[in-house]
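Here are the chains, one letter per residue:
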Amino acid sequence: ADGRASPSARIPLASASDLDLILRAYDTWGEACAEHLLGDFAFAIWDAPARRLFCARDQMGVKPFFYAHAGRAFVFSNTLDAVRRHPAVSARLDELAIADFLLFDVNTDAGSSMFADIRRLAPGHTAVCSADGVRVRRYWTLPIDEPLEYRRQQDYVERFNELLHAAVSDRIRQRRVALFMSGGLDSPTPAVAATDVLAERHRQPEVLAFTEVYDTLIPDDERHYAGLVARALGLVHDVRARDDEAFEHSWVHLPEPTSRPFGVRAAREQHGRVAAHVRTVLYGEGPDNALKNDWRPYVRGLVQRGRWGTLARTMWDHVMTHSRLPLPRFAAGMPHAHQGLPAWIQPGFAARLNLEARWRAFGPALPEPGACRPAAHASFDPRMWQSAFEGLDPAWTGAPVEFRHPFVDLRLLRFLLAVPPGPLCR
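Residues numbered from 1 in each chain as written. Predicted model: local features only at pLDDT ≥ 70, side-chain atom pairs only at ≥ 80, totals over all residues. Heavy atoms only, no water.

Colleague: Can you tell me about unusual backbone geometry, naming the residues and giving the values?
Modeller: Gly-422 connects to Pro-423 through a cis peptide bond whose omega is 0 degrees. You can see Pro-423 is positioned in the segment after helix H16 (410–418). Positive phi values are uncommon outside glycine, yet Arg-51 reaches one of about 55 degrees. Residue position: Arg-51 is located in the loop between strand E1 (42–47) and strand E2 (52–57). On the accessibility criterion, Arg-51 (57% relative accessible area) is exposed. (Helix = DSSP H or I, 4+ residues; strand = E, 2+ residues; numbered from the N terminus. Buried < 20%, exposed > 50% of the residue type's maximum accessible area, 1.4 Å probe, protein only.)

Have a look at this one:
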């Protein structure tokens, strides 16, 4: 940005690229521009007149952003390995991040990495680098919306389809797209939307489905049900059996440690097969969390507000749909809640970092009391989702494939979190 309206401001919005839109947003709103952006992004803009670098990462942390102070330099990249290549960035480990990985499988600080000199720009944050240093600001938290109260159940379905269509449409630029196809609902649902979107745009669209199955090793109906969907939609379906896969140890370079090392090589082979055909893959993660059937807080809120008509209608709809009342379900507590540290943690290491207290205090994010379904809202803890997203980044997969996550599109995610629990979240 040159202090005046950038060349991107002269480009019609309908034909503007993503980069043009980001520059237009910065020209218009300055450091508040990220608050007005919808999508998955990690970017930096050098503002020459102000002599500062403005950095931003998307709200859910789909795209990575790493940075380090290297003497007087500010080093940043979307890959950890690139930052590590700077000669002034040391390989010294962050002991607390290592401890979190050993204890919880995930770093509890969304802004740190396994390396002491390298930081992440956490999801929903911006950073401004200038002669005065680096200033990091959180610009977004997942809002708590009022529960949706549509008159007909079909209205929820229609609104869901409308938002899913928009989320998928915004994430597809080519005439060919792929999905990792399961036999459940999470991936076939965006597959339907993708076939519709591509049929609207192209004369010969192509949706490829990739499925991994077990035919003999374990009971597995994935091949059957994924095949039903693929045939119904006319998808090109690639099915690979993993029964004879060897679980032998083999070295694969990853930017950071993983708690699931045995599947890394097989996953890389699958991503390589996908990359031979497409560059964009739709991923179906999200609905299991967003539609958690957390009905008791919702009912309690209706009672507290005297919404007796809504409560009666909710119970009636649930009984008519499922032929039963919504009975309580009891979830197990944290598995280590009343246990000591694992015996394999070195005592001196544990004492130096006070890991006993950290072990006992760790748990999922506390439910938001004002949310329609608090457990669902709390399950979108950025620490957990950041790790999942980065595990599908090319830096981890070793393949030039972009994974897109339509179910964490902010419009669709906020809608799903506002759907009342009964009867659709059962």
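Colleague: Kindly report on the packing of helix H4 (residues 153–169) against H16, identifying the contributing residues and their values.
Modeller: Contact geometry for H4 and H16: axes closest at 9 Å, N-to-C directions at 155 degrees. By the angle between their directions, the pair H4 and H16 is classed as roughly antiparallel. Pair H4 / H16 crosses with left-handed handedness. Between H4 and H16, the residues in contact are Tyr-156, Arg-159, Phe-160, Leu-163, Leu-164, Ala-166 and Ala-167 and Arg-411, Leu-412, Phe-415 and Leu-416, respectively. When its residues are assigned to classes, the contact of H4 with H16 shows nine nonpolar, no polar and two charged. (Axes fitted to C-alpha atoms, helices over the stretch in contact; angles between N-to-C directions. Parallel < 35°, antiparallel > 145°, perpendicular 65-115°, else oblique. Left-handed = near helix turned anticlockwise from the far one by under 90°. Contact = heavy atoms within 4.5 Å. Nonpolar A, V, L, I, M, F, W, Y, C, P; charged D, E, K, R; others polar.)

Colleague: Account for the pairing of strand E3 (residues 66–70), naming residues and giving values.
Modeller: A large share of E3 lies buried, amounting to four of its five residues. Both E3 and strand E5 (residues 118–120) contribute to a ladder of three bridges, which runs antiparallel. Bridge assignment links Phe-66 to a residue of E5, and that residue is Arg-120. (Pairing = 2+ DSSP bridges.)

Colleague: Outline the sheet that holds strand E7 (residues 133–138), supporting the account with residue identities and numerical values.
Modeller: Pairing is antiparallel across the open sheet formed by four strands, whose spatial order is E1-E2-E6-E7. Either end of the sheet is taken by a strand with one partner, and the two such strands are E1 and E7. The mean inter-strand angle of the sheet, taken between neighbouring strand axes irrespective of direction, is 15 degrees. Pairing of strand E6 (residues 125–130) with E7 involves six bridges; the strand directions are antiparallel. When the sheet's bridge partners are listed, Cys-129 is paired in E7 with Val-134.

Colleague: I'd like a rundown of the environment of Arg-85, residues and numbers included.
Modeller: Within the element layout of this structure, Arg-85 appears in the loop between helix H2 (80–84) and helix H3 (95–104). Of the residues examined, Arg-85 reaches a relative accessible area of 74% and is grouped as exposed. Along the chain, Arg-85 and Ala-351 lie 266 residues apart, while their C-alpha atoms are 33 Å from each other.

Colleague: Any details on the sheet that holds strand E12 (residues 402–404)? Residues and values, ideally.
Modeller: In space, the five strands of this open sheet follow the order E10-E9-E8-E11-E12, with parallel pairing throughout. Of all the strands in the sheet, the pair left with one neighbour each is strand E10 (236–241) and E12. Averaged over all neighbouring strand pairs, the angle between strand axes comes to 25 degrees, with direction disregarded. As judged from the two bridges shared by strand E8 (residues 176–180) and strand E11 (residues 280–282), these two strands associate in the parallel manner. Among the inter-strand pairings, Ala-178 is bridged to a residue of E11, identified as Val-281.

Colleague: Explain the packing of aromatic side chains to me, and be specific about the residues and the numbers.
Modeller: Evaluated as defined, the whole model comprises 14 aromatic pairs. Aromatic pair Tyr-283 and Phe-403: ring centres 5.8 Å apart, planes at 85 degrees, arrangement edge-to-face. Here the residue Tyr-283 occupies a position in the loop between E11 and helix H8 (287–290), and Phe-403 occupies one in strand E12, the gap between them amounting to 120 residues. Overall, the relative accessible area of 24% leaves Tyr-283 in the partly exposed class. Site record: aromatic cluster; members linked through ring pairs are Tyr-26, Phe-41, Phe-43 and Phe-54. If you follow Arg-296 out to its NZ or CZ, it ends over the ring of Trp-295, 6.0 Å from the centre. (Phe/Tyr/Trp six-rings, centres within 6.5 Å; stacked < 30°, edge-to-face > 60°. Lys NZ or Arg CZ within 6 Å of the ring centre and 35° of its normal.)

Colleague: Explain the nonpolar core to me, using residue names and the numbers behind them.
Modeller: Side chains of nonpolar character tend, in soluble globular proteins, to be buried together. Counting 53 residues, the largest nonpolar core has Phe-43, Met-60, Val-168, Phe-380 and Leu-412 as its most contacted members. Considering every element that reaches this core, the biggest residue donor is H16, with six residues. Discounting residues that sit within four places of it in the chain, Phe-43 has contacts with Ile-22, Cys-33, Leu-37, Phe-54, Cys-55, Ala-56 and Phe-65. Ranked by size, the runner-up nonpolar core spans 13 residues in total, among them Phe-66, Ala-70, Phe-115 and Ile-118. (Core = buried A, V, L, I, M, F, W, Y, C linked by side-chain atoms within 4.5 Å.)

Colleague: So what's going on with the side chain of Arg-373? Residues and values would help.
Modeller: Tracing the backbone shows Arg-373 in the loop between helix H12 (355–361) and helix H13 (374–378). A distance of 3.1 Å separates the side chain of Arg-373 from the backbone oxygen of Lys-292, its partner in a polar contact. Arg-373 has contacts with Ala-290, Leu-291, Lys-292, Asp-294, Leu-416, Leu-417, Ala-418, Val-419, Pro-420, Pro-421 and Cys-425, leaving out every residue within four places of it along the chain. (Polar contact = N/O pair within 3.5 Å; in protein donor to acceptor, adjacent residues only side chain to side chain.)

Colleague: Any chance you could break down helix H9 (residues 295–304) for me, citing the residues and the numbers?
Modeller: Those residues of H9 that sit buried are Trp-295, Tyr-298, Val-299, Gly-301 and Leu-302. In an axial view of H9, the angular spread of the buried residues amounts to 160 degrees, which keeps them on one side of the axis. Backbone geometry just after H9 places Gly-306 at a positive phi near 70 degrees. (Arc of directions from axis to C-beta.)

Colleague: Account for the packing of H9 against helix H10 (residues 308–322), naming residues and giving values.
Modeller: Where H9 contacts H10, the axes come no closer than 8 Å and their chain directions differ by 150 degrees. In terms of orientation, H9 lies roughly antiparallel with respect to H10. Only Trp-308, Thr-310, Leu-311, Thr-314 and Met-315 of H10 make contact with H9, whose side of the interface consists of Tyr-298, Val-299, Leu-302 and Val-303. Partitioned by chemical class, the residues of the contact of H9 with H10 number seven nonpolar, two polar and no charged.

Colleague: Residues and numbers for the pattern of salt bridges, please.
Modeller: Considering all chains together, one arrives at 30 salt bridges under this definition. Arg-120 is paired through a salt bridge with Glu-390; the nearest N and O atoms lie 2.7 Å apart. Of this pair, Arg-120 sits in strand E5 while Glu-390 sits in helix H14 (residues 382–390), and the two are 270 residues apart along the sequence. A relative accessible area of 6% means that Arg-120 is categorised as buried. Glu-390 sits in the buried class, given a relative accessible area of 4%. The partner of Arg-240 in a salt bridge is Glu-212, with the nearest N and O atoms 3.3 Å apart. With a gap of 28 residues between them, Arg-240 in strand E10 and Glu-212 in strand E9 (residues 206–213) connect regions that are remote in the sequence. One salt-bridge network, held together by shared partners, links Asp-40, Asp-170, Arg-171, Asp-409 and Arg-411. (Salt bridge = Lys/Arg side-chain N within 4 Å of Asp/Glu carboxyl O.)

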